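# An overview of the molecular structure
Letter by letter, the chains look like this.
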Amino acid sequence: MSYLDNLRLTFAGDFQADVSTVNNDVRHFDNATFEERFQNFQQGNVANGWWNPIGSGAYRLINCKVQSVHYQDGSGTTDATVDPAVGLFIDGSNDRVGGKLVDLDPQWQLASQIWGLKIRLTDGKIPHLLTANFQPAAFRDILFGRQEGASPGDQTASASFQSVLTDLEWGDNLHNSRFLKELKAAISDGLLSIRLATFGYSTNSTSNRFTIGTVIGAIAPYRPNEPRSFVLGRRMVPLNGERTADNINFFDCRVDEDTKTVFADFANALPLIDGYGSLKNINDLQLAVLTDENTKESGQVSKNSDFIALGTTIPYREQDWLRQTSGIWAVKLQPEVFESIQNKPLALIKMSNRTNGVVAIRESVNGLLIRADNFVHRVEPGETVQTNLFAVGYGKPLTDTKITAAVLPPLPGQGGGRPTDPKPPKATIPVINTPASAVSFPTSLSTDADGKAELTIVTTNPNNPRKYLDGQVYMIQYQLEGQIEGQQQQFDFIYLLLHDEYVVPEQPTWIEHIQPILQQYSNLYPIMSKRLVNLGDYESVKEHRAILELAFSLDPSNPNFMPVTRDLSHPKQETILKWLRQKTPDGSYALVYGEQKLSWQQPKVDSKEALVSAPPVEIEEIEDLGAKAQFYQSFKAARKINSDRT
């Protein structure tokens, strides 16, 4: 059932994502050509270390409060005097640092994951009424340009993170809240479902909301065997596979058989006019069921002949509607209407008058939906990973249905900076998805009686195709046989970061093994190297040996885990720990230095001579696109090149 359930709470507030941007350009990973200026803020057209080179990677919730609670019987309230759960804070941990927001890889930045986030429900006086861990999850359904009338870039983007809360701990005092009592009683498998929708993120370093955005969320019971990262229900799909003419994004609905209720989630769907949740007026909007499967988006329709209205029009234009409801709209149906939606497409109708309108967006063709649940993997060569796929038609499991899967063709140009940068990094941008032979899996599989299939992916050593960067990124596309192109969100892939094979040395030394690994992190995260420990410097690492051993040995779900990016292979992690832990016969730590090799000496690109002889750079102010928007443009360009070739 996910968070689209009668029993749910909604909340709203801010989030902070203090990401470092030095690692947004893959060329900055090349130690041999790294320049000190890559740790500086961008200056005009010169990207340097982009818009936040001093970012820590922290992700935290700020000033989030419960806006409404809804009960099992379908009723609800926004009044704290009716239910004291309203107005409670949704906060982070009070005994450890905040979570982290992490890209899978510099060459795939559109599946960023939240790691190490704790969710705490509190009144600000007692420690918690409920505390839980947010299971790491990547965002989905990102839409650039959702916020209209703003400068292009990350500020205008919107996305959703859906996951589960684990390790639930309830406080002794639930404040006599009916909602909290019902929620606690409804839990099975010890999990709750949670969805965060984020937008209005500022990358403007001169703004008082720099690195801050708006978040609206929902929490409800998790039901066993349902996917954790998406709603398995009724999928609303823009005809062109990206957005409708009214700038409406993909979104999800769910039909509850027991309560005869339809839920629709507009949190990440309707166009915004600001970064705080004000929605654009696009006329009266009516959730409906189409009487003809062949009615298309933008088609003219009339009430009671072409569509049957489901409830009243949606009050999305009311003040603070999105923040108060988290975009969730629910309507209970009469039995005869409920029967009509079992095999007919849902639609959102933009009403012209009380009778007529146009289809603003409609459900996928034949109600088809297939999505991968655990779709982001970090893999060692030789490991086998499984991804769970779920398929439904009009919300019902599709049994014995064929699914096809394939690795995307090689993609060049992913993870670079602006093409207009007059001083681009000197390293070349590797090509991803190659060699395809390093990943193997069945290209065709069938769903079981529950509409599920498991894609097993076997890996081998990719043999360092990216040279200065460990491993390779692979994107696997999947779809139902016969499914029309554009019926899936454009980033619905399975992603793998497959590491290179690496043998833990018998005797690791600083010169030969440790420094080459840590130098890259020192380059990419100046907030660490300049303020805490210089990872490229032997004496600094020696001084902080104990804390580094602790950080490198934590579980990746711990927010203090190193490296923050979770992109270090296990053998390299083991090598670092082995080196940090080795002792001499007298019990002191060896921290073997090793012998300097002439071949290690790399030419320093950013030498004074080079700087003196470099031609002057003409600086002019340009609009910043932000990391995700820049990456998206490169991805679209590469996909177009591949498409033109086929």
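Cut-off values and rules
Residues numbered from 1 in each chain as written. Predicted model: local features only at pLDDT ≥ 70, side-chain atom pairs only at ≥ 80, totals over all residues. Heavy atoms only, no water. Helix = DSSP H or I, 4+ residues; strand = E, 2+ residues; numbered from the N terminus. Contact = heavy atoms within 4.5 Å. Areas by Shrake-Rupley, 256 points an atom, 1.4 Å probe, with all protein chains shown as cover. Lys, Arg positive; Asp, Glu negative; His and termini not counted. Charge placed at Lys NZ, Arg CZ, Asp CG, Glu CD. Phe/Tyr/Trp six-rings, centres within 6.5 Å; stacked < 30°, edge-to-face > 60°. Buried < 20%, exposed > 50% of the residue type's maximum accessible area, 1.4 Å probe, protein only. Lys NZ or Arg CZ within 6 Å of the ring centre and 35° of its normal. Axes fitted to C-alpha atoms, helices over the stretch in contact; angles between N-to-C directions. Parallel < 35°, antiparallel > 145°, perpendicular 65-115°, else oblique. Left-handed = near helix turned anticlockwise from the far one by under 90°. Pairing = 2+ DSSP bridges. Arc of directions from axis to C-beta. Polar contact = N/O pair within 3.5 Å; in protein donor to acceptor, adjacent residues only side chain to side chain.

Here the focus is the overall build of the protein chain. When helices and strands are counted, the protein chain shows 10 helices and 31 strands. Taking contacts inside the protein chain between residues at least 6 apart in sequence as the whole, the part at least 24 apart equals 73%. Just so you have it, the protein chain exposes about 26,200 Å², and 49% of that area is on carbon and sulfur atoms. When the 61 basic and 75 acidic side-chain charges of the protein chain are each reduced to a single mean position, those positions are 2 Å apart.

Counted by the stated rule, this structure contains 21 aromatic pairs. Ring geometry for Phe230 against Phe390: centres 6.0 Å apart, planes inclined by 75°, an arrangement best described as edge-to-face. In this pair, Phe230 is assigned in the loop between β12 (212-221) and β13 (234-237) and Phe390 in strand β24 (residues 384-393), connecting sequence segments 160 residues apart. Of the two residues examined, Phe230 and Phe390, each falls in the buried class. Their ring planes at 75° and their centres at 6.1 Å tell us that Phe493 and Tyr495 sit as a pair that is edge-to-face. Judged on exposure class, the residue Phe493 and its partner Tyr495 are both buried. Here a set of aromatic residues connected by ring pairs shows up, and it is made of Phe15, Trp51, Tyr59, Phe139, Phe161, Tyr201 and Phe210. If you follow Arg140 out to its NZ or CZ, it ends over the ring of Phe375, 4.1 Å from the centre.

Running from N to C, helix α4 (residues 510-524) and helix α8 (residues 570-581) point in directions that differ by 120°, and their axes come no closer than 11 Å. Viewed along their axes, α4 and α8 adopt a mutual orientation that is oblique. Here α4 and α8 pass one another in a crossing that is left-handed. The residues of α8 that touch α4, namely those facing Trp510, His513, Ile514, Ile517 and Leu518, are Lys572, Thr575, Ile576 and Trp579.

What the 5 strands build is an open sheet, ordered β23-β31-β30-β26-β28; its pairing is mixed. Strand pairing shows two members of the sheet lacking a second neighbour, β23 (376-379) and β28 (444-446), which therefore form its edges. The average undirected angle you get between the axes of adjacent strands in this sheet is 25°. In this structure, strand β26 (residues 402-407) lies alongside strand β30 (residues 472-480), joined through 5 bridges in antiparallel fashion. Looking across to β30, one finds that Val407 is bridged to Ile476.

The next thing to look at is the pairing of strand β10 (residues 158-170). Buried residues dominate β10, accounting for 11 of its 13 residues. Two strands pair when backbone bridges link them, and β10 and strand β11 (residues 192-199) are joined in this way by 8 bridges, in the antiparallel orientation. Along β11, the bridge assignment pairs Ser158 with Phe199.

This part covers helix α1 (residues 178-186). Of the positions making up α1, those classed as buried are Phe179, Leu180, Glu182, Leu183 and Ala186. Buried residues of α1 fall within an arc of 165° about the axis and therefore sit on the same side. Tucked into the core, α1 has its buried residues touching β1 (8-18), β2 (58-70), β7 (118-122), β10, β11 and β12. Between a side-chain oxygen at the N-terminus of α1 and the backbone nitrogen of Phe179 the separation is 3.3 Å; the capping residue is Ser177.

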